[in-house]
Amino acid sequence: MHSALWLFPKFAAVVFAVAGFYFFLDPGPLSKLLGDWVTGRNANRVMGFLSLLAAAFLTVPQLRLWGVAVAAFVLFGTTVMLLERRRYLYAVPGILLLGTLPFSVVTS
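To keep things clear, this report deals only with the structure shown in the data block. What you see is a predicted model; the values in this text were computed from it and never measured.

What follows deals with the packing of helix α4 (residues 64–84) against helix α5 (residues 88–106). Where α4 meets α5, the closest approach of the two axes is 9 Å, and the angle between their N-to-C directions is 160°. Considered as vectors, α4 and α5 are oriented roughly antiparallel to each other. Handedness of the α4/α5 crossing: left-handed. Residues Arg64, Leu65, Val68, Ala71, Ala72, Leu75, Thr79, Leu82 and Leu83 of α4 pack against Tyr88, Tyr90, Ala91, Gly94, Ile95, Leu97, Leu98, Leu101, Ser104 and Val105 of α5. Of the residues that constitute the contact of α4 with α5, the class distribution is 15 nonpolar, three polar and one charged.

Phe16, Ala54, Leu58, Ala71, Val74, Leu75 and Leu101 are the most contacted members of the largest nonpolar core, which has 16 residues in total. What Leu58 contacts, discounting residues up to four positions off in sequence, is Pro9, Ala12, Ala13, Phe16, Arg64, Gly67, Val68 and Ser104.

Turning our attention to the packing of aromatic side chains. Tallied over the entire structure, the rule returns one aromatic pair. Their ring planes at 25° and their centres at 4.9 Å tell us that Phe8 and Phe103 sit as a pair that is stacked. Highlighted residues: Phe8 in helix α1 (residues 7–25) and Phe103 in helix α5, separated in sequence by 95 residues. Look at Phe103 and you get partly exposed, because its relative accessible area is 37%.

Quick look at the pattern of salt bridges now. Under the definition given, this model contains one salt bridge. The salt bridge involving Glu84 is made with Arg85; its shortest N-O contact spans 3.4 Å. With relative accessibility at 59%, the residue Glu84 sits in the exposed group. Among the residues examined, Arg85 registers a relative accessible area of 29% and is labelled partly exposed.

Basis of the calculations
Residues numbered from 1 in each chain as written. Predicted model: local features only at pLDDT ≥ 70, side-chain atom pairs only at ≥ 80, totals over all residues. Heavy atoms only, no water. Axes fitted to C-alpha atoms, helices over the stretch in contact; angles between N-to-C directions. Helix = DSSP H or I, 4+ residues; strand = E, 2+ residues; numbered from the N terminus. Parallel < 35°, antiparallel > 145°, perpendicular 65-115°, else oblique. Left-handed = near helix turned anticlockwise from the far one by under 90°. Contact = heavy atoms within 4.5 Å. Nonpolar A, V, L, I, M, F, W, Y, C, P; charged D, E, K, R; others polar. Core = buried A, V, L, I, M, F, W, Y, C linked by side-chain atoms within 4.5 Å. Buried < 20%, exposed > 50% of the residue type's maximum accessible area, 1.4 Å probe, protein only. Phe/Tyr/Trp six-rings, centres within 6.5 Å; stacked < 30°, edge-to-face > 60°. Salt bridge = Lys/Arg side-chain N within 4 Å of Asp/Glu carboxyl O.

Purely geometric numbers; function is a separate question.
Structure below.
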């Protein structure tokens, strides 16, 4: 039987790459939201860098554990921030993705 576990790190890498580029594009609503919630003007750049770093690490099998660590750091911080501000539905995708990250390590 063919296992589909090899899809988890690729899926997570795509999600983090898209998120990283979105942060770097700096759309107005996201920039305003992060400016209200996070101290510092370059919070979107930091989040974009960390997301792209996680995506890059997740694509290389030898660095996948580091990718999971960076991705978990980003997802945990984002989820806590959303839950603290009572944005429960917005936190659900992050929680689900955080739950799939261990499968990325198993498939290396």
